Amino acid sequence: MSLVIANIGQLVTLDPAEPERPIRSDAALVIEAGRVAWVGAAAEAPAADSRIDAEGAAVIPGFVDSHSHLVFAGDRVDEFEARMAGRPYTAGGIRTTVAATRAASDDELRARLHHLVGQARAQGTTTLEIKSGYGLTVADEVRSLRLAREVTAETTFLGAHVVPAEFTDDRAAYVDLVCGDMLTACAPYARWVDVFIDSGAFAVDDARRILLAGRDAGLGLRVHAGQLAADGGVALAVELGAASVDHCTFLTDSDVEALAESARGGGGTVATLLPLVEFSTKQPYPDARRLLDAGAAVALASDGNPGSNFSTSMPLAIALAVRELGMTPLEALAAATRGGAQALRRADVGHLGVGARGDAVILDAPDFRHLAYRPGVPLVRRVLVGGEAAQ
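All chains use their own residue numbering, which begins from 1 and follows the written sequence. Local features in this predicted model are restricted to residues whose pLDDT is 70 or higher, and side-chain atom pairs enter the listing and the counts only when it is 80 or higher, whereas totals over whole chains, interfaces and linings include all residues. Note: side-chain values were computed over all heavy atoms of the structure, leaving out hydrogens and water.

### Regarding helix α6 (residues 204-216)
Alright, step 1. Secondary structure elements are taken from DSSP: a helix is a run of H or I of four residues or more, a strand is a run of E of two residues or more, and numbering for both begins at the N terminus. Expected helix span is taken as 1.5 Å per residue step, with the number of steps being one fewer than the number of residues. Compared with the 18 Å implied by 1.5 Å per residue over 13 residues, the 18 Å span of α6 between its first and last C-alpha is a close match.
Alright, step 2. When a residue's accessible area, from a 1.4 Å probe over protein chains only, is under 20% of the maximum for its type it is buried; when over 50% it is exposed; and in between it is partly exposed. For α6, the full list of buried residues reads A207, I210, L211, A213 and G214. The arc enclosing the buried residues of α6, seen along the axis, measures out at 160°, which places them on a common side. Structural note: α6 exposes D205 and D216 on the side pointing more than 90 degrees away from its buried face.
Alright, step 3. Whether two residues are in contact is decided by their heavy atoms: any pair within 4.5 Å suffices. Summarising the contacts, the buried residues of α6 are in contact with β9 (155-160), α5 (171-186), β10 (192-195), β11 (220-225) and α7 (233-240).
Alright, step 4. Where α6 ends, the next residue or the one after it, G218, has phi of about 95°, a positive value. The reported arc concerns the directions from the helix axis to the C-beta atoms and nothing else.

### So, the pattern of salt bridges
Alright, step 1. In what follows, salt bridge is the name for a side-chain nitrogen of Lys or Arg lying within 4 Å of a carboxyl oxygen of Asp or Glu. Applying the stated criterion across every chain yields a total of 25 salt bridges.
Alright, step 2. Among the salt bridges present, the one from R76 reaches E79, with a minimum N-O distance of 2.9 Å. Comparing R76 with E79 shows no difference in burial state: the two are buried.
Alright, step 3. If you follow the salt bridges from partner to partner, you end up with D106, D140, R143 and R146 in one network.

### What to know about unusual backbone geometry
Alright, step 1. Here A33, not a glycine, exhibits a phi torsion of approximately 55°, which is positive.
Alright, step 2. Tracing the backbone shows A33 in the loop between β2 (23-32) and β3 (35-41).
Alright, step 3. Not every positive phi belongs to a glycine, and K282 is a case in point at roughly 60°.
Alright, step 4. Mapped onto the fold, K282 is located in the loop between α9 (275-281) and α10 (288-294).
Alright, step 5. Owing to a relative accessible area of 55%, K282 belongs among the exposed residues under this scheme.

By themselves these figures say nothing about function.
Dropping the structure here:
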């Protein structure tokens, strides 16, 4: 079956095969068998089995959200209110969510997860990474990843989120568990392994051991680093060839240089920025301009989670990136689509070039820049995943 999206006023393809032409006017797009089959002028569009009239609106690639934590129970709205009143953010609140998640049933966690994924889809997200990390026992981490795998192939084992309360006095024993029985049980349900490097979570030496164990188990590498301080995590991520290092709020000059060097030639470590977290914690925003000007690869993601940011809104992330991170609207859109794909080492999503998966978002706006220009307005009119209406 084939589908033509006709009468597109502005088509943002971000096609890596045509870097000099990321945007087309008066365009059409054909999706066949779930893949982009043709892109060109509206007047030259071939016939297809079905047709969508974009009515002059902008069409963009579906967002690729490469960082989220959506398997959990409860919320931390009291913590949010306290932060807004001046209490600083720390990583310790994660344990509150761990307790609630452990106490929840599979059906309760599944219902919450599907609800949150539906909200993300409605805002244009068509590819979504989901981490574990709110179970922190072997059984609960396996359960989190098993549930996440029901909705995405991009699942990440984050047993090294924080040290759970029962291991407060024996951190080394918990690292042994993460590298041993927990990893063995979780690896069949995960594509990636991740570690939160922070003074309230895991040190660089612990992270190295966990990441190497994950790599030996066949998992790709991701890292949380630089959220609350320059902590050595960026250097470790680049050294080990991690696909992405996420947060990157506090960076040294050598961190920026390492990320830029890694990006040369493609395939290096992507700096994934999470501005919704800074919005929700009142922390300083990361400096995307500094990274882009140095030549680093940059992605935007939501970091949807119940503590530091209970939002999966990629449009809001784009608006914040333009307002606070020093990005142009096109840079921000590219980071939220093609950049996210690069952070997941995916060439089939994040753009609308021929051969890409047919993930397209029709906006209720004539120009993609309205995503930043009109923050908070529901501008996503229609979402297609593989050429089909998003569920």
